[in-house]
Amino acid sequence: MTNYSLPAGTTVRKAIESDAQELLALIDALAAYEKLDPPGPDAKQRLVRDIFGPEPRLEAYLCRIDGTAVGYALVLETYSSFLALPTLYLEDIFVLEEFRNRKAGLALYLYVAGLAKQRGCGRLDFAVLDWNTSAQEFYRKLGAKHLKEWFLFRMSADEIDALPGFPATHK
């Protein structure tokens, strides 16, 4: 694999609570890029709680170029029963469009990959939208493989509630 060097002034670090507004602004920018509604006020409160609260559910990392927050990554651990090792799941990685040719995405990805190694993870997993060919190419250049034999499935909270025989104690 190629040895990547990052431009001077590019840093990645774990987000702290005082970074919350910058992080939420970047999440809004991702929503705009994907042409989705951004998280509403209640969702933003949950994000802040779930990242910075006493029992975090996920971790956030910010990339800065010359002190400006230009991108972020959200990660959480899952587990592989067959490897009997944790998996680091990359939920989001996003860089503001005007900084995409300055290796901010590479900095975030390498940082997250380093976390996976440091934690003894058996793999790093992530999903890419079918229309986001630039992201697909980015990951392929880094050696990631598209798993054609796996299909991503999802059930919304409402669909879970509608499951036949779903216990009322879980609703």
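See the structure shown above.
Asker: Please clarify how the environment of Y33 should be interpreted in this entry.
Answerer: Residue placement: Y33 occurs in helix 1 (residues 20-33). A residue is classified by how much of its surface remains accessible, and Y33, at 26% relative accessible area, is partly exposed. Leave out the neighbours within four places in its chain, and Y33 touches F94, R100, W131, N132 and S134.

Asker: What should I look at first to understand the environment of G71 in this one?
Answerer: When you line up the elements, G71 lands in strand 3 (residues 68-80). Assessed through its relative accessible area of 0%, G71 is described here as buried. Sequence spacing of G71 and L108 is 37 residues, and the spatial spacing of their C-alpha atoms is 7.8 Å.

Asker: When you look at the packing of aromatic side chains in this model, what are you seeing that I'm missing?
Answerer: How two aromatic rings sit relative to each other is set out by the distance from centre to centre and by the angle between their planes. Within the structure shown, the criterion is met by nine aromatic pairs. An angle of 50° between the planes, with centres 6.1 Å apart, marks the rings of Y33 and F94 as tilted. With a gap of 61 residues between them, Y33 in helix 1 and F94 in strand 4 (residues 85-95) connect regions that are remote in the sequence. When the centroid spacing of 5.3 Å and the interplanar angle of 70° are considered together, the rings of F138 and Y139 count as edge-to-face. An aromatic cluster of three or more residues is present, and its members are Y33, Y72, F94 and W131. Directly above the ring of Y33 sits R100, whose terminal nitrogen or CZ lies 4.4 Å from the centroid.

Asker: Help me understand the packing of helix 1 against helix 2 (residues 41-52), please; the structure alone is not making it clear to me.
Answerer: Following both chains from N to C, one finds helix 1 and helix 2 inclined at 125°, their axes separated by 11 Å at the closest point. Regarding the angle of helix 1 to helix 2, the classification is oblique. Crossing angle aside, the handedness with which helix 1 passes helix 2 is right-handed. Facing helix 1, whose interface residues are A20, L23, L24, I27 and D28, helix 2 presents K44, L47, V48, I51 and F52. The class makeup of the residues in the contact of helix 1 with helix 2 is eight nonpolar, no polar and two charged.

Parameters and conventions
Residues numbered from 1 in each chain as written. Predicted model: local features only at pLDDT ≥ 70, side-chain atom pairs only at ≥ 80, totals over all residues. Heavy atoms only, no water. Helix = DSSP H or I, 4+ residues; strand = E, 2+ residues; numbered from the N terminus. Buried < 20%, exposed > 50% of the residue type's maximum accessible area, 1.4 Å probe, protein only. Contact = heavy atoms within 4.5 Å. Phe/Tyr/Trp six-rings, centres within 6.5 Å; stacked < 30°, edge-to-face > 60°. Lys NZ or Arg CZ within 6 Å of the ring centre and 35° of its normal. Axes fitted to C-alpha atoms, helices over the stretch in contact; angles between N-to-C directions. Parallel < 35°, antiparallel > 145°, perpendicular 65-115°, else oblique. Left-handed = near helix turned anticlockwise from the far one by under 90°. Nonpolar A, V, L, I, M, F, W, Y, C, P; charged D, E, K, R; others polar.

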